[in-house]
Amino acid sequence: MRPTITSAGSVTVAAFILIFALSASPLWAGIAIEYSSSASNIDNLLGDSNKVYDAYSSENLVFKAYPFSSLEVKLSGDLSHYMDTPGLDNKGGNLSFTYIPLGEESPLSLYLTGALSGRTYRVDYSILDNNYAEVTAA
């Protein structure tokens, strides 16, 4: 069986490439990269009365870019792997922004945020796949 790239995966890969390409621009205020990896076990994997125990590992990668001081663009991706329940293995991606249009000297505080997110599971649990978008102003 050939591996396939889902539409959420394609968007995540394209966004990672875009962030890398733009980070070389001298106009950007800064860029940050974070990576984390963890392993643990869980005693009630499905959150029900079955008490399914399993060990899992996860990896997260986050790119934060600051095109200018009042804008943060964040791209993140994560992978989770379960030892005894491989059908729950999943990957997720998120592209978000936070914009603060008013300067520090302003007596008002306003920010806008937006995000596109997606998570895909293996075929056994593909019913849990989800994609969503949100925008907030506060």
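Above: the structure in question.
Remember, predicted model here, so these are calculated numbers, not experimental data.

What counts and what doesn't
- Residues numbered from 1 in each chain as written.
- Predicted model: local features only at pLDDT ≥ 70, side-chain atom pairs only at ≥ 80, totals over all residues.
- Heavy atoms only, no water.
- Pairing = 2+ DSSP bridges.
- Helix = DSSP H or I, 4+ residues; strand = E, 2+ residues; numbered from the N terminus.
- Axes fitted to C-alpha atoms, helices over the stretch in contact; angles between N-to-C directions.
- Patch = residues over 30% accessible without salt bridge, like charges linked within 9 Å, V, L, I, M, F, W, Y side chains within 5 Å.
- Areas by Shrake-Rupley, 256 points an atom, 1.4 Å probe, with all protein chains shown as cover.
- Salt bridge = Lys/Arg side-chain N within 4 Å of Asp/Glu carboxyl O.
- Buried < 20%, exposed > 50% of the residue type's maximum accessible area, 1.4 Å probe, protein only.

Caption draft 1: Here's a closer look at the sheet that holds strand 2 (residues 54–68). Taken in spatial order, the six strands make up an open sheet running 1-2-3-4-5-6, and their pairing is antiparallel. Of all the strands in the sheet, just strand 1 (30–42) and strand 6 (130–137) have a single pairing partner and so form its edges. Taking the axes of each pair of neighbouring strands and ignoring which way they run, one obtains an average angle of 10° across the sheet. Here strand 3 (residues 71–82) runs beside strand 4 (residues 90–99); their pairing, made up of ten bridges, is antiparallel. Opposite K74, over in strand 4, you have S96 as the bridge partner.

Caption draft 2: Here's a closer look at a nonpolar patch on the surface. Where nonpolar side chains cluster on the molecular surface, the patch consists of F97, L102, L108, L110 and L112 and spans about 390 Å² of accessible area. Position of L112 relative to the elements: it lies in strand 5 (residues 112–121). What makes L112 partly exposed here is its relative accessible area of 32%.

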